[in-house]
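# Coordinate analysis (summary)
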Amino acid sequence: KQLLISPTSRLTRTPTPHIQPVLFIDLIRFTRPPPFQKTMSTYSVGKDVQALVADIGSYSTKIGYAGDDHPQAIYNSTTAAVRNGQQNSKIRCFSSPPKRDFVHRALEEDDGSYELVNPVDPVTGWIFSPPSRGRHPSTSGGSPASMASNEEGNSFGGDAWESHELFNLYLQHAFQNALGLAPPTGTVNTSALDRSHHHPLLMLDKPHTPPPLRQRMLEILFETHNVPATFFLRDAVAACYAVGRTTATVVDVGYSSTMVTPVYEGFVESRGVLRNNACGARAVEERVLEVMDGLVVKQGGRKRKDRMKRSNQRKFEKSGAGASGDGTSPTKGAKHDASGRFKKNEVLTAPIPDYLMPLYQVRRAPIYTPRADPFHHWSRMALAREIKEMGLGVAVGPMGYIPSYATAGGVEGEATAMDIANPVNNMFLTSAKLPYTLPDGTLVEITTASRCDIAELYFGNDEYNTTQREKVLDESVHQLDEYNREVEDFIASRDGDDEDDQTGASSSNAAGDPYSNTSYRGEKVSRHGGRRNKQTHYTPGTVSAKLYSACLPYLRTVPPKSLNDADAGASRTGGIDKNDQYFHYFTSSSPAQMVCDAAFRCDRDQQASLLGNVVVCGGGACITGSGGVGSGLGGASGALGAGAVAAGSPIGDENAFPDRLREEIEAIVHRHTMGWRVKVTSPNINERGICSWLGGSILGSLGTFQDMWISKRDYEEFGSAIVNRKCP
């Protein structure tokens, strides 16, 4: 028995008398694993080579070296690009590289055909593209050979997904421009090595990313960028590592949504993952924009228009636009025509917009011509984001704050008797206002009550905020149903084309499903039996169809009918968990209620640890308190932290958001468990937005982590499905 436990060890012991040696050798041969189940190789990082850590979020992309305390490159995930809608042989989704400097200046005189693109889908949070976005080469008439390369001669070994092409371009931009690891495209330097091929990459992804998408990103990393090793880490687990925890409930307040993920002993409990698309930094900026538009009309008024008209008149006269056309400077009589009548200037009579104008539009005075809708709205959102980050647009109110727009028997927007009776509201309504000068020179004053009203999107349970969150939930579910129908239609249109799209194989299923959770790189080579078969090549259209087929179960908003409660009970023993077979993450609850719901979805012995430890991270949580207004109320802004400013300052406590969240969670828990204490941990406000990246940086620099890499040899041996085994 001792010899059978370790069949690969040397036969130094004498076998027992009742076992024949020949039979013993047959037992060893019988217990050996099949050739396709070989032991995984181990990748070790050299002493002079640092691992890279990358995090592609919905707002920004962060990449840097493991062991550093800050990413080396942070750039916006939203870029401007021209989609390739022509029916030609090119398989690129974009006809030109994406442009990044598009906020404060125009790309073209009229922005051309540029559109805003982002690899992260705002509905699901995945690096995902529905069939209606981008262009699929299945509709083009090019041959597979001509579709294998673009006009520059660079091969593109990917599918037609717009998000995956952006994923590839973002990493290429980071390697070439941000980190300087690769020579620029088009340069010929045989002596310089492509140093990006020597750095392993630790990739952060969302806790609810389906396995097929992780497998596709793994293929891009190994096939296109040729990284020596990689590892996929859940961002919630990385956030726990950043604050020194292995068990906690992570509240990630991102740009497009707020996600709550329970992490128990370093593993994500997928049953408790929740997502609220209404509680994100983008929704807060939309509210800031609405408040600023109202202040422009209310406080600017007619005086603002008269002042801007006089400024436009002086600019018009100074520029010489009123001259007679000979290029000379304007004279005193330039305002009159040849008959002596006053010339009416149509340029100066252009209407002045009654909203918050971004800087580029102010510089186009006196016409104020806006850009295309996506760029114009993004520029206005960038200005609202600047106001929010200065602490002038949003502030976290104390516990018990009632929004001024609460409709408790009154009219929306008016103070009711309930508001007047609340001492907290009276203090904020009578507090000092904060001045802010708009790009057009208009001075507006922002009240503290309006700042706290916006932040109640995260904490308020009043009728207005509850209705808004439920409305966004219905829209998200409807959009996900649209994705589901689009994917089903796309798969149905590709059913009869699989046999014609591949070369070197007799049928589409000869090599297996490439994005199955149990297959071993079936679309490339077959390892069964220990021999290599002929490679099977697929066109990008077939790859897209197979990937959509694998992602289809995860896009459904209802559980599959084939699974019942008995099947779900066997999920923890290796069966199929019905919670993982459909998109069950949407909710309309507030973040405090989401924390309690996520913990209660887990096992009973895990709930105490998950409810007692909460980690707050994300750029949307970088909201300060209301300054010294509520310092004597004992609320979220009552006790100033170590990094907060003094009382009376317009910028309040940087720990106001975690403190208010802790009080809201305790108020919910105390309904059934009195005296329960909740510990909320969060990095300082400078590191809160990069908390997940810091956790990945810490993990990638540990010596004990080096055995966990997915090496290139593992990928070639086991295929892309290895990511689901080594990266849970």
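Residues numbered from 1 in each chain as written. Predicted model: local features only at pLDDT ≥ 70, side-chain atom pairs only at ≥ 80, totals over all residues. Heavy atoms only, no water.

Right, let's get into the overall build of the protein. Counting its regular elements, the protein contains 21 helices and 16 strands. Residues counted as buried form 50% of the 728 residues belonging to the protein. For the protein, long-range pairs separated by at least 24 residues make up 71% of all intrachain contacts whose partners lie at least 6 apart in sequence. Accessible surface computed for the protein: about 34,100 Å², of which carbon and sulfur atoms make up 51%. (Helix = DSSP H or I, 4+ residues; strand = E, 2+ residues; numbered from the N terminus. Buried < 20%, exposed > 50% of the residue type's maximum accessible area, 1.4 Å probe, protein only. Contact = heavy atoms within 4.5 Å. Areas by Shrake-Rupley, 256 points an atom, 1.4 Å probe, with all protein chains shown as cover.)

Moving on to the packing of aromatic side chains. By the definition in use, this model includes 15 aromatic pairs. For the pair Phe-705 and Trp-709, a centre-to-centre distance of 5.0 Å together with 70 degrees between the ring planes defines the contact as edge-to-face. Linked through ring pairs, Trp-126, Phe-128, Tyr-483, Phe-490, Tyr-548, Phe-583, Tyr-585 and Phe-586 together constitute an aromatic cluster. Residue placement shows Arg-725 over the ring face of Phe-718; its charged tip is 5.4 Å from the ring centre. (Phe/Tyr/Trp six-rings, centres within 6.5 Å; stacked < 30°, edge-to-face > 60°. Lys NZ or Arg CZ within 6 Å of the ring centre and 35° of its normal.)

Attention shifts here to unusual backbone geometry. For the bond running from Ala-365 to Pro-366, omega is 10 degrees, close enough to zero to count as cis. Along the chain, Pro-366 turns up in the loop between helix 7 (359–363) and helix 8 (373–389). Despite not being glycine, Asn-226 shows a phi value in the positive range, around 55 degrees. Along the chain, Asn-226 falls in the loop between helix 4 (211–224) and strand 7 (229–234). Accessibility expressed as a relative area gives 32% for Asn-226, which makes it partly exposed. Even without being a glycine, Tyr-368 presents a positive backbone phi close to 60 degrees. With a relative accessible area of 4%, Tyr-368 lands in the buried category.

Next up on the list: the sheet that holds strand 16 (residues 710–711). If you walk across this open sheet you meet the 6 strands as 3-2-1-6-7-16, and the pairing is mixed. Across the chains shown, the open sheet's two edge strands, defined by having one partner strand only, are strand 3 (73–76) and strand 16. In this sheet, strand 2 (residues 60–65) lies alongside strand 1 (residues 52–56) in antiparallel orientation, the contact comprising 5 bridges. The residue bridging Leu-52 from the neighbouring strand is Tyr-65, located in strand 2. Sheet strands in contact with helix 4 are strand 6 (201–205), strand 7 and strand 16, and its direction is about 150 degrees off that of strand 7. (Pairing = 2+ DSSP bridges. Axes fitted to C-alpha atoms, helices over the stretch in contact; angles between N-to-C directions.)

Side chains of nonpolar character tend, in soluble globular proteins, to be buried together. Within the largest apolar cluster, 60 residues are counted, with the highest numbers of intra-cluster contacts made by Phe-167, Phe-232, Leu-233 and Val-250. A total of 6 residues in this core trace back to one element, the largest contributor, which is helix 3 (residues 162–178). Residues Tyr-255, Leu-383, Ala-621 and Val-678 belong to the second largest nonpolar core, which totals 53 residues. (Core = buried A, V, L, I, M, F, W, Y, C linked by side-chain atoms within 4.5 Å.)

So, about the confidence of the model for the protein. Put simply, the protein has an average pLDDT of 74, and 64% of its residues get 70 or more. Throughout residues 501–512 the model reports pLDDT below 50, and contacts reaching past four residues in sequence, or to other chains, amount to 25 contacts. Below a pLDDT of 50 lies the segment residues 566–576, which in the model reaches 11 contacts outside its immediate sequence neighbourhood of four places, other chains included. (pLDDT = per-residue confidence, 0-100.)

So, on to helix 12 (residues 463–493). Given a rise of 1.5 Å per residue, 31 residues ought to cover 45 Å, and the 45 Å separating the end C-alpha atoms of helix 12 matches this to within 8%. Where helix 12 is concerned, the buried positions are Asn-465, Arg-469, Ser-476, Leu-480, Tyr-483, Asn-484, Val-487, Phe-490 and Ile-491. For helix 12, the side-chain oxygen to backbone nitrogen distance between the N-cap and Tyr-464 is 3.2 Å, and the N-cap itself is Asp-462. (Expected span 1.5 Å × (residues − 1). Polar contact = N/O pair within 3.5 Å; in protein donor to acceptor, adjacent residues only side chain to side chain.)

The buried count for strand 1 comes to 5 of 5 residues, which makes it a mostly enclosed element. On strand 1, burial covers both faces: Leu-52, Ala-54 and Ile-56 on one face and Val-53 and Asp-55 on the other are all buried. Pairing between strand 1 and strand 6: 4 bridges, direction parallel. Bridge pairing links Leu-52 to Leu-201 in strand 6.

Attention shifts here to the side chain of Arg-275. Position of Arg-275 relative to the elements: it lies in strand 11 (residues 274–276). Of the side chains with opposite charge, Asp-121 lies nearest to the buried Arg-275, which makes no salt bridge, at 6.8 Å. Of note is the side chain of Arg-275, whose polar atom sits 3.2 Å from the backbone oxygen of Val-123. (Lys, Arg positive; Asp, Glu negative; His and termini not counted. Salt bridge = Lys/Arg side-chain N within 4 Å of Asp/Glu carboxyl O.)

The geometry of helix 3 relative to helix 4 is characterised by a closest axis approach of 11 Å and an angle of 40 degrees between their N-to-C directions. Relative to helix 4, helix 3 is oriented oblique. Considering the relative orientation of helix 3 and helix 4, their crossing is right-handed. On helix 4, the residues that touch His-164, Phe-167, Asn-168 and Leu-171 of helix 3 are Leu-213, Arg-216, Met-217, Ile-220, Leu-221 and Thr-224. (Parallel < 35°, antiparallel > 145°, perpendicular 65-115°, else oblique. Left-handed = near helix turned anticlockwise from the far one by under 90°.)

With that out of the way, let us pick up the packing of helix 16 (residues 591–601) against helix 18 (residues 656–669). Between helix 16 and helix 18, the least distance of the axes is 8 Å, while the angle of their chain directions is 55 degrees. Accordingly, the angle class assigned to the pair helix 16 and helix 18 is oblique. Handedness of the crossing formed by helix 16 with helix 18: right-handed. Taking contact as the criterion, the partners of Pro-591, Ala-592, Gln-593, Val-595 and Cys-596 in helix 16 are, on helix 18, Leu-661, Glu-664, Ile-665, Ile-668 and Val-669. Grouping the amino acids of the contact of helix 16 with helix 18 by side-chain chemistry returns 8 nonpolar, 1 polar and 1 charged. (Nonpolar A, V, L, I, M, F, W, Y, C, P; charged D, E, K, R; others polar.)

Within strand 14 (residues 613–617), 4 of the 5 residues are buried, which leaves it mostly tucked inside the rest of the structure. Strand direction decides the pairing type here: strand 8 (residues 248–253) and strand 14, joined by 4 bridges, are parallel. By the bridge assignment for strand 14, Val-251 is matched with Val-616. As paired strands, strand 14 and strand 15 (residues 679–681) are joined by 3 bridges and run parallel to one another. When the sheet's bridge partners are listed, Val-615 is paired in strand 15 with Thr-681.

With that settled, consider the pattern of salt bridges. When the charged atoms of two side chains lie near each other, side chains of opposite charge can form a pair. In total, this model carries 20 salt bridges according to the counting rule given. The partner of Glu-666 in a salt bridge is Arg-677, with the nearest N and O atoms 3.9 Å apart. Within this pair, whereas Glu-666 is found in helix 18, its partner Arg-677 is found in the loop between helix 18 and strand 15, the two being separated by 11 residues in sequence. Looking at Glu-666, the relative accessible area reads 8%, which means it is buried. Shared partners join several salt bridges into a network, and the residues in it are Asp-205, Arg-214 and Arg-234.

In this section: helix 5 (residues 235–242). An α-helix turns once per 3.6 residues; consequently, residues spaced three or four apart project the same way. Most of helix 5 sits inside the fold, with 6 of its 8 residues counted as buried. Three or more residues of helix 5 are buried, namely Asp-235, Ala-236, Val-237, Ala-238, Ala-239 and Cys-240. The first or second residue beyond helix 5 is Gly-244, which carries a positive phi of 75 degrees.

A few words now on the environment of Ala-54. Structurally, Ala-54 is set in strand 1. Using a relative accessible area of 2% as the deciding quantity, one classes Ala-54 as buried. Through-space distance from the C-alpha of Ala-54 to that of Ala-73 is 9.6 Å; in sequence the pair is 19 residues apart. If we ignore the near neighbours within four places in the chain, the residues touching Ala-54 are Lys-62, Ile-63, Leu-171, Leu-201, Leu-202, Met-203, Leu-204 and Trp-693.

Considering the arrangement of structural elements, one finds Arg-494 in the loop between helix 12 and helix 13 (498–501). Counting along the chain gives 50 residues from Arg-494 to Ser-544, while the straight-line C-alpha distance between them is 9.6 Å.

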